[in-house]
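Overview (structure and organization)
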Amino acid sequence: MSRAARLLDLLQLLRRHRRPLTGLAIAAELGISLRTLYRDIATLQAQGAAIDGAPGLGYQLRDGFLLPPLMFGADELDALVLGCRWVADRADPALAAAARDALAKISAVLPPERRMAVEHSGLLVGPATPAEQDPEALATLRRAIRAEHRLRIGYRDVHGETSQRVVWPLALGFFDRVQVLVAWCELRGALRHFRTDRISTVDDLTERYPRRRATLLAEWRAEQGITADGI
């Protein structure tokens, strides 16, 4: 592996993790010595990479340092193409359009041979028959998740009984046929899951809920046995 490729792999590894990584862990994953790692980190820091840490303390890449999309590898491009095509086929119109736009922007800055690989990718998304859902309601859910706003929803349970809930939306889970809202339910005083095709009304109360979404989402992950990198 060339030194340039090794430096890019080091940056990608640091960007992939949210917590500081020890030098030993980084060196083991990259298959290099600690001495080489320290030298590579010093090189990246000298070139402007915002890497915090020191030997014995661990290393972390601060937010805001971006790798250019020209550096995407073949497998990374396959993942992006497949993911964008899945969203374009399964999500509500606004999110589907955003997925197509994102893929077009990525393709536009790639070198010609990589652009051809994206445009003629052999990774396809099979047909699906998603449940009927209100596109505007889904867009409202996504906006409320980003803004950490309380929502009032009308919800129909599996028995067809409808109730009014005030919830704190945390995340949307996407499946082939349905989407599931993960939220703190004020009525139940607990984290709950709501199928979006059973949500009849959505009103954004335009006020932030009292706890941070990241904290609540961490609690939900712990309940579900999901690691931070798993979703």
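Remember, predicted model here, so these are calculated numbers, not experimental data. Per chain, residue numbering runs from 1 following the sequence as it is written. Totals for whole chains, interfaces and linings use all residues, but because this is a predicted model, local features are given only for residues with pLDDT of at least 70 and pairs of side-chain atoms are given and counted only at 80 or more. Excluded from the side-chain calculation are hydrogens and water; included are all heavy atoms of the structure.

As for the packing of aromatic side chains
Each aromatic ring pair is summarised here by two numbers: the centre-to-centre distance and the angle between the ring planes. Two rings from Phe, Tyr or Trp (for Trp, the six-membered ring) form a pair when their centres sit within 6.5 Å of each other. Planes less than 30 degrees apart are called stacked, planes more than 60 degrees apart edge-to-face, and all others tilted. Scanning the model with the defined rule gives four aromatic pairs in all. Centre to centre, the rings of Trp86 and Phe174 are 6.4 Å apart; their planes meet at 75°, and the pair counts as edge-to-face. With Trp86 in helix α4 (residues 74-90) and Phe174 in strand β4 (residues 162-174), this pair connects stretches of sequence that are 88 residues apart. Think of it in three bands: with a 1.4 Å probe and only protein chains considered, a residue is buried below 20% of the maximum accessible area for its type, exposed above 50%, and partly exposed in between. We classify Trp86 as partly exposed; its relative accessible area is 24%. On the basis of relative accessibility, which here comes to 30%, the residue Phe174 falls in the partly exposed class. Cluster of aromatic residues (ring-pair linked, three or more members): Trp168, Trp184 and Tyr209. Secondary structure is summarised from DSSP: a helix means a run of H or I of at least four residues, a strand means a run of E of at least two, and numbering begins at the N terminus for each.

Re the sheet that holds β4
Read across the open sheet, the five strands follow the order β6-β5-β4-β3-β7; overall the sheet is antiparallel. Edge strands, defined here as strands with exactly one partner in the open sheet, are β6 (190-195) and β7 (199-208). Averaged over all neighbouring strand pairs, the angle between strand axes comes to 45°, with direction disregarded. Sheet analysis places strand β3 (residues 149-156) next to β4, joined by six bridges and oriented antiparallel. Following the sheet pairing, Gly154 is matched in β4 by Gln164. In this analysis, strands are considered paired if DSSP registers two or more bridges between them. Axis lines are fitted to C-alpha atoms, over the contacting stretch for helices. Their N-to-C directions set the angle, which ranges from 0 to 180 degrees.

Describing the UniProt feature "domain: WYL" (unreviewed entry) in the protein
Here the UniProt-annotated "domain: WYL" (unreviewed entry) positions come out as residues 136-202. From the first C-alpha to the last, residues 136-202 spans 9 Å; its make-up is 18% helix and 57% strand. UniProt positions are given in the numbering used here, feature names are shortened, and annotations may be inferred rather than shown by experiment.

Digging into the pairing of strand β1 (residues 51-54)
Looking along a regular strand, one sees the side chains alternate between the two faces of the sheet. Relative to strand β2 (residues 58-61), β1 runs antiparallel, the two being bridged by four bridges. The residue bridging Asp52 from the neighbouring strand is Gln60, located in β2. Linking two consecutive strands that pair antiparallel, namely β1 and β2, is a turn of three residues; a positive phi of about 90° is found at Gly56 within it.

Quick notes on helix α2 (residues 23-30)
Every buried residue belonging to α2 is among Gly23, Ile26 and Ala27, and all of these are buried. One side of α2 holds all its buried residues, which, seen down the axis, span an arc of 95°. More than 90 degrees from the buried face of α2, the exposed residues found are Leu24 and Ala28. Whether two residues touch is decided by their heavy atoms; if any such pair falls within 4.5 Å, the residues are in contact. Each element contacted by the buried residues of α2 is listed here: α1 (3-16), α3 (34-46) and β2. Following α2 by one or two positions, Gly31 has its phi on the positive side, about 70°. What the arc measures is the spread of directions leading from the helix axis to the C-beta atoms.

Notes on unusual backbone geometry
With phi around 60°, Glu148 is a residue other than glycine that occupies positive phi space. Checked against the element boundaries, Glu148 lands in the loop between α7 (135-147) and β3. The residue Thr206 is not glycine, and still its phi comes out positive at about 55°. Assignment of secondary structure puts Thr206 in strand β7. Taking the relative accessible area as the measure of exposure, Thr206 reaches 58% and is therefore exposed.

Brief notes about the packing of helix α5 (residues 93-108) against helix α6 (residues 112-119)
Axis separation between α5 and α6 bottoms out at 9 Å; the angle between their running directions is 155°. When the axis of α5 is compared with that of α6, the two are roughly antiparallel. Where α5 approaches α6, its residues Leu103, Ser107 and Ala108 are matched on the opposing element by Arg115, Val118 and Glu119. Residues belonging to the contact of α5 with α6 are distributed by class as follows: three nonpolar, one polar and two charged. Note on angle classes: values under 35 degrees are labelled roughly parallel, values over 145 roughly antiparallel, values of 65 to 115 roughly perpendicular, and the remainder oblique. Polarity classes work like this: nonpolar for Ala, Val, Leu, Ile, Met, Phe, Trp, Tyr, Cys and Pro, charged for Asp, Glu, Lys and Arg, and polar for all others, with Gly in that last group.

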